[in-house]
Amino acid sequence: MFLSIGYSTCHWCHVMEKESFEDEEVAKILNENFISIKVDREEMPSVDSMYMESAIIFTGNGGWPLTVLIDHDKKTFFLQEHIILKYLLLEY
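As the structure is a prediction and not an experimental result, all values here were calculated from the model. (Residues numbered from 1 in each chain as written. Predicted model: local features only at pLDDT ≥ 70, side-chain atom pairs only at ≥ 80, totals over all residues. Heavy atoms only, no water.)

In the structure shown here, the tally under the stated rule is 3 aromatic pairs. Here Phe2 and Phe34 contribute two aromatic rings whose centre-to-centre distance is 6.3 Å and whose plane-to-plane angle is 65°, an arrangement assigned as edge-to-face. Placement of the pair is Phe2 in strand β1 (residues 2-6) and Phe34 in the loop between α2 (24-33) and β2 (36-40), with a sequence separation of 32 residues. Ring centres of Tyr7 and Trp64 lie 5.7 Å apart, and the angle between their planes is 85°; this geometry places the pair in the edge-to-face category. (Phe/Tyr/Trp six-rings, centres within 6.5 Å; stacked < 30°, edge-to-face > 60°. Helix = DSSP H or I, 4+ residues; strand = E, 2+ residues; numbered from the N terminus.)

As structure tokens, this is what we get:
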């Protein structure tokens, strides 16, 4: 599962949307390999809180947009604030 958590007034969330979600190559990779979910932290604060706490514990940083990759056993294996998805996904 690919989970992206952000909010409507977040500058970097809009940057990531343009750099990643509007890119056809990235969309193809996401659609072929993940169940993709985009969460607005203001509408689902409990989801945001759970993954943000995990991000801070595992990486020492938190922020938005937060990208979370979750395996088929519902275990998180990647957490990172603002990333350029094209470079991350093309490595795999």
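With that settled, the discussion passes to a nonpolar patch on the surface. Together, Met1, Ile35 and Ile37 give the surface a local cluster of nonpolar side chains, amounting to about 270 Å² of exposed area. Note on Ile37: relative accessible area 34%, which makes it partly exposed. (Patch = residues over 30% accessible without salt bridge, like charges linked within 9 Å, V, L, I, M, F, W, Y side chains within 5 Å. Areas by Shrake-Rupley, 256 points an atom, 1.4 Å probe, with all protein chains shown as cover. Salt bridge = Lys/Arg side-chain N within 4 Å of Asp/Glu carboxyl O. Buried < 20%, exposed > 50% of the residue type's maximum accessible area, 1.4 Å probe, protein only.)

Take unusual backbone geometry next. Residues apart from glycine generally show negative phi values, whereas peptide bonds are mostly found in trans. Cis rather than trans, the peptide bond between Trp64 and Pro65 has omega equal to -5°. Along the chain, Pro65 turns up in the loop between α3 (45-59) and β3 (66-70). Non-glycine residue Lys74 carries a positive phi angle of around 65°. Along the chain, Lys74 falls in the loop between β3 and β4 (76-81). Given the relative accessible area of 73%, Lys74 is considered exposed.

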